[in-house]
Amino acid sequence: MEEHLLNEFEEFGLTPNKKVLEKCIELLKKYSITPDTLVNHWIGYTATKLNDEAPSLENLIMFEKDLAKELSAKTKVKSEPLSESPIIHNITTITQITEDDELLVGYGTPVRKSSVGAKRTSGLEGTPQNKRLAGLGQTYSVHTPSAFSPSTPGTSSKFSSRNNAGEVVVKYPADDAAINWTRSNESWEPDIQLHGTAETKLTTKYNYMFSRLRDKFEVLEEQINDLGDLMKKKLGIDDFEPNCVLKSETFHTVGRICCDATSGSRLNTSSLLLEGTRNTSSGQSVPLDVSQLKEFSFFPGQVIAVEGSNPTGKKMVVTSVTTPPINPVFKTDVSIEGPLNMMVACGPFTLPDDLEFAPLVEFIQQVNTLLPHIVIIMGPFVDVKNKKVECGDLDYTYQEQFDIVMRELQSKIINSVQVCIIPSWRDVHYRAVYPTPPFPQENKAPNFSFFSDPCILNVNGVFIALTSTDILFHLSKEEIAVTPHGSDRLGRLVSHLFSQQSFYPLNPPSEEMSIDLEQAEDHCKLSFTPHLLFVPSDLRHFIKNVSGCVVVNMERAVKGFCGGTYSRLQITGEASSVQIKAEIVRL
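The numbers attached to residues start from 1 for each chain and follow its sequence in the written order. Only residues with pLDDT of at least 70 are given local features in this predicted model, and only at 80 or more are side-chain atom pairs given and counted; all residues enter the totals for whole chains, interfaces and linings. As a rule here, side-chain values cover all heavy atoms of the structure and leave hydrogens and water aside.

As recorded by an unreviewed UniProt entry, the protein chain carries the name DNA polymerase alpha subunit B and is attributed to Daphnia sinensis. UniProt positions are given in the numbering used here, feature names are shortened, and annotations may be inferred rather than shown by experiment. Under the Function (unreviewed entry) heading, UniProt states for the protein chain: "Accessory subunit of the DNA polymerase alpha complex (also known as the alpha DNA polymerase-primase complex) which plays an essential role in the initiation of DNA synthesis." In its Subcellular location (unreviewed entry) section, the UniProt record describing the protein chain reads: "Nucleus".

**Comments concerning the side chain of threonine 469**
Mapped onto the elements, threonine 469 comes out in the loop between strand 15 (462–466) and helix 14 (471–478). According to the relative accessible area criterion, threonine 469 is buried, its value standing at 1%. The contact partners of threonine 469, leaving out residues within four places of it in the chain, are Trp425, Tyr434, Asp453, His474, Tyr504, Met513 and Pro536. Per the convention used, a helix needs a DSSP run of H or I reaching at least four residues, while a strand needs a run of E reaching at least two, with both numbered from the N terminus. Partly exposed residues are those whose accessible area sits between 20% and 50% of the maximum for their type, while under 20% is buried and over 50% is exposed, using a 1.4 Å probe and protein chains only. We call two residues in contact whenever any of their non-hydrogen atoms come within 4.5 Å of each other.

**A look at the nonpolar core**
Note on terminology: a nonpolar core comprises buried Ala, Val, Leu, Ile, Met, Phe, Trp, Tyr and Cys residues joined through side-chain atoms within 4.5 Å. Residues Phe363, Ile377, Phe381, Leu409, Ile413 and Ile421 are the most contacted members of the largest nonpolar core, which totals 35 residues. If you list the elements that add at least two residues to this core, you get strand 10 (340–346), helix 11 (358–370), strand 11 (374–378), helix 13 (398–412), strand 12 (418–422) and strand 13 (448–450). No other element matches the five residues that helix 11 contributes to this core. In this structure, Leu472, Leu497, Phe503 and Leu517 belong to the second largest nonpolar core, which totals 34 residues.

**Some words on the sheet that holds strand 7 (residues 303–310)**
A pair of strands is treated as paired once DSSP finds two or more bridges between them. Here five strands make up a closed barrel; going around it, the order is 3-4-5-8-7 and the pairing mixed. Averaged over all pairs of adjacent strands, the angle between strand axes in this sheet comes to 55°, irrespective of strand direction. Across five bridges, strand 7 lies against strand 8 (residues 316–322) in antiparallel orientation. What sits directly across from alanine 305, in strand 8, is threonine 322. Strands strand 3 (247–259), strand 4 (272–275), strand 7 and strand 8 of the sheet are contacted by helix 9 (residues 213–235), whose axis makes an angle of about 140° with strand 3. Simply put, an axis is a line fit to the C-alpha atoms, just over the touching stretch for a helix, and the angle between two N-to-C directions goes from 0 to 180 degrees.

**Things to note about unusual backbone geometry**
Of note, the bond from tyrosine 434 into proline 435 is cis; its omega dihedral lies within 30 degrees of zero at 0°. In this fold, proline 435 is placed in the loop between strand 12 and strand 13. In this chain, aspartate 453 is followed by proline 454 through a cis amide linkage whose omega measures 0°. Relative to the assigned elements, proline 454 resides in the loop between strand 13 and strand 14 (455–459). One non-glycine residue with positive phi stands out, namely phenylalanine 357, at about 55°. Inspection of the secondary structure assignment puts phenylalanine 357 in the loop between strand 10 and helix 11. Since its relative accessible area comes to 8%, phenylalanine 357 is described here as buried.

**A closer look at the packing of aromatic side chains**
Ring pairs (aromatic) are described by centroid distance and by the angle formed between their planes. Put simply, two rings from Phe, Tyr or Trp (the six-membered ring, in Trp's case) pair if the centres are within 6.5 Å, and we call them stacked under 30 degrees between planes, edge-to-face over 60, tilted for the rest. Throughout the structure, instances matching the rule amount to twelve aromatic pairs. Between phenylalanine 381 and phenylalanine 439 the ring centres are 6.0 Å apart and the planes differ by 65°, which places this aromatic pair in the edge-to-face class. Remark: phenylalanine 439 occurs in the loop between strand 12 and strand 13 and phenylalanine 381 occurs in the loop between strand 11 and helix 12 (387–391); sequence separation between them is 58 residues. The class for phenylalanine 439 is buried, based on a relative accessible area of 1%. Note on criteria: charge over ring means Lys NZ or Arg CZ within 6 Å of the ring centre, with the direction from the centre no more than 35 degrees off the ring normal. The ring centre of phenylalanine 542 lies 5.6 Å from the NZ or CZ of lysine 544, which sits over that ring.

**Things to note about the pattern of salt bridges**
Whenever Lys or Arg places a side-chain nitrogen within 4 Å of a carboxyl oxygen from Asp or Glu, that contact is recorded as a salt bridge. Scanning the model with the defined rule gives 20 salt bridges in all. Notably, a salt bridge pairs aspartate 383 with arginine 426, separated by 2.6 Å at the nearest N-O pair. Linking aspartate 383 in the loop between strand 11 and helix 12 with arginine 426 in the loop between strand 12 and strand 13, this pair joins segments that are 43 residues apart in sequence. One salt bridge connects lysine 559 with glutamate 555, and the closest N-O pair in it is separated by 3.3 Å. On the basis of relative accessible area, lysine 559 is assigned to the partly exposed category, the value being 36%. The buried category is assigned to glutamate 555, whose relative accessible area is 5%. Salt bridges sharing partners connect three or more residues here, namely Lys23, Glu26, Lys30 and Glu64.

**Some details on helix 9**
For a helix, the expected span equals 1.5 Å multiplied by the residue count minus one. If you check helix 9, its first and last C-alpha atoms are 32 Å apart, about what 23 residues at 1.5 Å a residue would give, namely 33 Å. Taken residue by residue, helix 9 has Asp215, Val219, Leu220, Glu221, Ile224, Leu227, Gly228, Met231 and Lys232 as its buried positions. Once helix 9 ends, the next one or two residues include glycine 236, with phi positive near 70°.

**Considering helix 2 (residues 18–31)**
Side chains of residues three or four places apart in an α-helix project in the same direction, reflecting 3.6 residues per turn. Between the first and last C-alpha of helix 2 there are 20 Å, a value that for 14 residues agrees with the 20 Å anticipated at 1.5 Å per step. Positive backbone phi, approximately 55°, marks serine 32, located one or two places after helix 2.

**A closer look at the sheet that holds strand 14**
Each strand in a sheet pairs with another by means of backbone hydrogen bonds, the pair being arranged parallel or else antiparallel. Pairing within the open sheet is mixed, and its six strands lie in the order 2-14-15-17-19-18. For this open sheet the edge positions go to strand 2 (192–195) and strand 18 (542–546), each flanked by a neighbour on one side alone. Recorded for the sheet is a direction-independent mean angle of 25° between the axes of neighbouring strands. The pairing of strand 17 (residues 532–534) with strand 19 (residues 549–553) spans three bridges and is classified as parallel. Paired with phenylalanine 534 across the two strands is valine 552, which belongs to strand 19. Sitting on the sheet, helix 15 (residues 489–500) touches strand 17, strand 18 and strand 19, and the angle it makes with strand 18 is about 55°.

**Points about the side chain of threonine 529**
Here threonine 529 shows up in the loop between helix 16 (517–523) and strand 17. Residue threonine 529 is classed as buried on the basis of its relative accessible area, which comes to 1%. In protein, a polar contact means a hydrogen-donor-capable atom and an acceptor-capable atom, both N or O and within 3.5 Å, with residues adjacent in sequence counting only if both atoms are side-chain atoms; elsewhere, any N or O pair within 3.5 Å suffices. A distance of 2.4 Å separates a polar atom in the side chain of threonine 529 from the backbone oxygen of asparagine 327. Setting aside chain neighbours within four positions, we find threonine 529 in contact with Ile326, Asn327, Pro328, Val329, Phe330, Phe498, Ser547 and Cys549.

The structure is reproduced here in structure tokens:
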């Protein structure tokens, strides 16, 4: 149990000491809950009450009171008898019910449906809860920002007084010797080119999210057809059969995973639908029975081929699932003169309740100290989720604040360093759409380049794919999976991107995302496996080799009210061979 509990904490970058673990185990036994339930509650509690502090014996005492209150409230709701007589509330009971419901919603916990506060509804009974994700990355419009994380005095001093700056938290390869980050070939400059479709359509003015329903359908239909052709070759069959045909013998069909809203608000084994293509299945959807599968991994929008039977014509009994094959790493001629040093960081670059950009200043100092050949800086730069932005407490307009940041970057970073700027849909001054066009390039420094989100860069034959959008977190909230114990969950999430050949395969997307499907068809494809993939996420940082690609999640430059992490890499190669060494370092 202790190991399971520790794994759950480590999922969020927390490593409690032995005494804290013993206290947590005591709570597990006392309240008869599982380790992941306890950690979910702790993450919600610390995000709203303790500004993301690590667990300690002192704050666990207060946490237990909240935990007991919430669990007792849930028990009371379940056991509360139904009454046909009307319930009459006074001002005292109304206030108490509202406070209780807001507290439970803050933890991501379903609340009872009552005549008061009925606008907040929970999922249907039986809908599985999101493990490890309660209270993270969710926005509740019924609250003001200060209700969850009130502005805390002295947060800037907390960042400046941190004592773990420069600590290497992940190393790749793990057993490799110390890396010399000194720039040896100062006169050589790498050649950075955009790979794939030119960004001309993104940079010209267009009405994004202004697509006809028929055009959206054609995009989704083409995705299934393209990936279906790859799966036919993989299976060695000539064609797929309709999904709704009455047939007791096994057959193959293809389609996209959807959620049956009548069986739950989120995807689960009872709400699985396979939506077929227009040509093969006349666009019909069929429920899937996956009870015979020993392991599986599904998410909305995933294109798969299934083998099974449909004895009633109304539900397909699945015996095997086939996903699109992952293309091999792109073979190319690599021409790097000596080691290529690189640093990568993802915003936000300021603490949640100020716009002083102290973490960005610290990162610039690190860049000027190490002098890498390339620095990739991903947004958001003026974060829409910043407390001052949310309440409008700014001394400048959004655009003026962004211009200040850009001027600071261009004036402070030494000219010998090539800088790539990647936008984010969270940049409040810019277009809240994905794919996000590159920032305008007026008055830019010669060593600065602006690219879209997402994009693939060709650096002297080394292909680097990157996106500032947290697709891993969005996938983790929607994916349902049955896998062997101890399987690599984060690696599996990354493999979905390669298999579906997309930077953002989730459909429908996360509620906070606005995806222009017509533009995504050209600019969000991941049609081959690159040498490097950067996917910054709120999930725990990692560096992994997935299908021959080195995948880096360096998290963000700010984590709560403390410094976050960034990555630095050293790339060598010749002919078609590429070797990568990498570290994730605390800012």
